[in-house]
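If you want the building blocks of each chain, they are given just below.
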Amino acid sequence: MARSSTGLHDQLLAAALRLFVQHGFRGTSLADIAAEVGCSKASLLYHFSNKEAILGELLLPVGKEVVALDARLAALPGEEAVRAGVAGLVDLTVRFRQEIKVLFDNMADATSLREADIEGLEGVGQRLVGALAGGSSAPLDQVAATMALGGMFLTGASELQMDEHSLREAMTVSALRTLGRTPG
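Here is a short report on the structure shown in this document. (Residues numbered from 1 in each chain as written. Predicted model: local features only at pLDDT ≥ 70, side-chain atom pairs only at ≥ 80, totals over all residues. Heavy atoms only, no water.)

1. Observations concerning helix α2 (residues 30-37)
Side chains three or four residues apart in an α-helix point the same way, a direct result of the helix having 3.6 residues per turn.
Okay, so step 1: Listing the buried residues of α2 in full gives Leu 30, Ile 33, Ala 34 and Val 37. All buried residues of α2 fall inside an arc of 95 degrees around its axis, so they share one side.
Okay, so step 2: Immediately beyond the C-terminal end of α2, within one or two residues, lies Gly 38, with a positive phi of roughly 85 degrees. (Buried < 20%, exposed > 50% of the residue type's maximum accessible area, 1.4 Å probe, protein only. Helix = DSSP H or I, 4+ residues; strand = E, 2+ residues; numbered from the N terminus. Arc of directions from axis to C-beta.)

2. Comments concerning the side chain of His 47
Okay, so step 1: Relative to the helices and strands, His 47 resides in helix α3 (residues 41-47).
Okay, so step 2: Given the relative accessible area of 17%, His 47 is considered buried.
Okay, so step 3: At 3.4 Å, the side chain of His 47 and the side chain of His 9 are in polar contact. (Polar contact = N/O pair within 3.5 Å; in protein donor to acceptor, adjacent residues only side chain to side chain.)

3. Considering the nonpolar core
Okay, so step 1: Ranked by size, the top nonpolar core spans 34 residues in total, and within it Leu 89, Leu 132, Met 152 and Leu 179 carry the most contacts.
Okay, so step 2: Elements represented by at least two residues in this core include exactly α4 (51-74), α5 (78-95), α7 (124-132), α8 (139-157) and α9 (164-178).
Okay, so step 3: Contact partners of Leu 132, with chain neighbours within four places excluded, come to Val 82, Gly 85, Val 86, Leu 89, Ala 145, Leu 149, Met 152 and Leu 179.
Okay, so step 4: Ala 16, Phe 25, Leu 58 and Leu 103 belong to the second-largest nonpolar core, a separate cluster that totals 22 residues. (Core = buried A, V, L, I, M, F, W, Y, C linked by side-chain atoms within 4.5 Å. Contact = heavy atoms within 4.5 Å.)

4. Here's the deal with the packing of α8 against α9
Okay, so step 1: Look at α8 against α9: their axes get within 9 Å of each other, and the N-to-C directions meet at 165 degrees. Considering their axes alone, α8 and α9 lie roughly antiparallel with respect to each other. The chirality of how α8 crosses α9 is right-handed. Residues Ala 144, Met 147, Ala 148, Met 152 and Thr 155 of α8 touch α9, and the partners they reach there are Leu 167, Met 171, Ala 175 and Thr 178.
Okay, so step 2: Residue classes in the contact of α8 with α9 are distributed as 7 nonpolar, 2 polar and no charged. (Axes fitted to C-alpha atoms, helices over the stretch in contact; angles between N-to-C directions. Parallel < 35°, antiparallel > 145°, perpendicular 65-115°, else oblique. Left-handed = near helix turned anticlockwise from the far one by under 90°. Nonpolar A, V, L, I, M, F, W, Y, C, P; charged D, E, K, R; others polar.)

5. Quick look at the pattern of salt bridges
Okay, so step 1: According to the stated counting rule, one finds 10 salt bridges in the structure shown.
Okay, so step 2: Here the residues in one salt-bridge network are Glu 65, Asp 91, Arg 95, Glu 164 and Arg 168, joined through shared partners. (Salt bridge = Lys/Arg side-chain N within 4 Å of Asp/Glu carboxyl O.)

6. Some points on the environment of Gln 22
Okay, so step 1: You can see Gln 22 is positioned in helix α1 (residues 5-23).
Okay, so step 2: Looking at Gln 22, the relative accessible area reads 58%, which means it is exposed.
Okay, so step 3: With 80 residues separating them along the chain, Gln 22 and Val 102 place their C-alpha atoms 9.2 Å apart.

Rendered as structure tokens:
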């Protein structure tokens, strides 16, 4: 029975993500990805022009979710933006743990996301820091917000062996504490 073109496309993405997490972007070849799925390299190349295109497509949903969160936070005042920002970033980080790990482990190769032309991606990091700082431009608030943002993504990329619920809770409490907020 033949696989659908969309089914094979999704299988290739899933296999690439697994292999990129295990062996890194550079340590995974197109032949490795094709073999993992049980198709030819030619079939893989029908769906993706190169390995960078696969990486770009894997990271695209993360970029779009970050931009959507940024837009939601822009409409919220200070403390509301802080708490919604922490909740949103923790959720995003937990849902996209593998993609974030691939991004962090392969930062030099992950130029695909910058080239992906996601509207609103430019400057999103600084806007998220602003939201986590509650709109404050005070240096201590900006540093705490930068540390919270970076810490959430690094935690997501880590290999902590925790169930999702425990991880979400620990990340939320830790981020709020870093931001000088009382959890709860």
